[in-house]
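Structural overview
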Amino acid sequence: MSDQLLKGKQCIVTGGSKGIGLAVVKAFLAEGASVEYFSRSKSEEHGSLETLAAEHGATVAWVACDVADEKAVDAAVEATAARGPIDVVVNNAGVTRDGLVFRMQLDDWKAVIDTNLTSAFLVCRAAARHMIKRRSGSIVNVSSVVGIIGNGGQTNYAASKAGLIGFTKSLAREVATRGVRVNAVAPGFVDTAMTDKLPEEAKEKLKAQIPLGRTARPEEIASVVVFLASDMASYITGEVVKIDGGMGM
Ligand code: NAP
């Protein structure tokens, strides 16, 4: 038996071009999975992803796709399914457009809900059909601890991430008898481009709320996603795993 947790699996990772998604793509490749990552831009590290894939007997492909666009998602998922069975889907693409609710424009609300939440509905609707037919599959949605405890200045983002949790649990109930598992992770404060743009003062305030006393590396989120995607988690569905250094306990 292979010691690679995802040997021979075909996986879709949305938002795999950088940050947490890129770490998930790398971790999946290292576990022997072939990955198609959906994002608007190709990863600056695509060359090294190809090397990593070759080293582990896998393949990696970038699929240009705006995950908030229904037609683009349907076409991208169908193209992946035509190349081989879809075993794993990770809905990770996400954006922030922060601001106090009184000043927030409707566009800022809609952009965040569409990219972070509607995207997961679109990708799952297209991919779960195939998983159900094969009576096998694992879906992991990347929520946030903010979707559980809230955060002033992020009503749109927190609503999208709380929505993802409700979506995860409801879909898990819909597809459980068909052999498909659906889980979520809820990261706390992770070092990526998304958090890099926060003002220094806000970062220090956030760090002060983390019992482990430090921010997370993207790889620390990816390792839990690998676990949930793999057969190691074969009896886990509808679960939300916080990966937040204790921030939301
Ligand atoms: P990031 O470094 O900014 O990466 C975001 C990724 O999402 C990129 O690959 C980006 O690719 C993709 N993306 C954004 N809009 C997209 C769209 N419309 N269509 C397709 N892809 C899109 O952010 P991150 O920190 O890694 O965040 C990844 C996920 O983790 C997000 O869902 C975020 O909410 C969540 N999260 C992050 C933290 C944190 O502290 N960083 C904490 C909790 C949860 P392109 O720009 O190439 O399209």
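1. Side note on a nonpolar patch on the surface
A contiguous nonpolar surface patch, about 270 Å² in accessible area, is contributed by L5, F227 and M232. Among the structural elements, F227 can be located in helix 9 (residues 218-229).

2. What about the side chain of T168?
Take T168: it is sitting in helix 6 (residues 155-175). On the basis of relative accessible area, T168 is assigned to the buried category, the value being 0%. The residues touching T168, leaving out its near neighbours within four places in the chain, are N141, V182, N183, A184 and E239.

3. Remarks on the site of the ligand
In the vicinity of the ligand lie 30 residues, with S41, N92, Y157, V190 and T192 positioned nearest. Here K18 contributes a backbone N or O atom positioned 3.5 Å from an oxygen atom of the ligand. With respect to the ligand, the side chain of Y157 contributes an N or O atom lying 2.5 Å from an oxygen atom. When the ligand is considered free in solution it has 890 Å² of accessible area, and contact with the protein chains removes 95% of it. Only helix 1 (19-30), helix 6 and helix 7 (193-196) provide two or more residues apiece to the shell around the ligand. Looking at which element gives the most residues to the shell around the ligand, the answer is helix 7, with 3 residues. Of the residues in the shell around the ligand, the class split is 12 nonpolar, 14 polar and 4 charged.

4. What to know about the pattern of salt bridges
The tally for this structure, following the rule as stated, stands at 12 salt bridges. Taking the shortest distance from any N to any O, the salt bridge between E45 and K26 comes out at 2.8 Å. One end of the pair, E45, is in the loop between strand 2 (34-39) and helix 2 (46-55); the other, K26, is in helix 1, and 19 residues separate them in sequence. Salt bridges here are not isolated pairs; linked through shared partners, they connect R214, R217, E219 and E220.

5. Quick word on the sheet that holds strand 4 (residues 88-91)
In spatial order, the strands read 3-2-1-4-5-6-7; together these 7 strands make up an open sheet with parallel pairing. Unpaired on one side and paired on the other, strand 3 (60-64) and strand 7 (240-243) mark the two borders of the sheet. Taking each pair of neighbouring strands and ignoring which way they run, the sheet shows an average axis angle of 20 degrees. In this sheet, strand 4 lies alongside strand 1 (residues 10-14) in parallel orientation, the contact comprising 3 bridges. Paired with V13 across the two strands is V90, which belongs to strand 4. Taken strand by strand, helix 2 contacts strand 2 and strand 3, and its axis lies near 140 degrees from that of strand 3. Across the face of the sheet, helix 9 comes into contact with strand 4, strand 5 (137-142), strand 6 (180-187) and strand 7 while running at roughly 165 degrees to strand 6.

Calculation criteria
- Residues numbered from 1 in each chain as written.
- Predicted model: local features only at pLDDT ≥ 70, side-chain atom pairs only at ≥ 80, totals over all residues.
- Heavy atoms only, no water.
- Patch = residues over 30% accessible without salt bridge, like charges linked within 9 Å, V, L, I, M, F, W, Y side chains within 5 Å.
- Areas by Shrake-Rupley, 256 points an atom, 1.4 Å probe, with all protein chains shown as cover.
- Salt bridge = Lys/Arg side-chain N within 4 Å of Asp/Glu carboxyl O.
- Helix = DSSP H or I, 4+ residues; strand = E, 2+ residues; numbered from the N terminus.
- Buried < 20%, exposed > 50% of the residue type's maximum accessible area, 1.4 Å probe, protein only.
- Contact = heavy atoms within 4.5 Å.
- Near = heavy atom within 4 Å.
- Polar contact = N/O pair within 3.5 Å; in protein donor to acceptor, adjacent residues only side chain to side chain.
- Nonpolar A, V, L, I, M, F, W, Y, C, P; charged D, E, K, R; others polar.
- Pairing = 2+ DSSP bridges.
- Axes fitted to C-alpha atoms, helices over the stretch in contact; angles between N-to-C directions.

Functional significance is not addressed by these values, which are geometric in nature.
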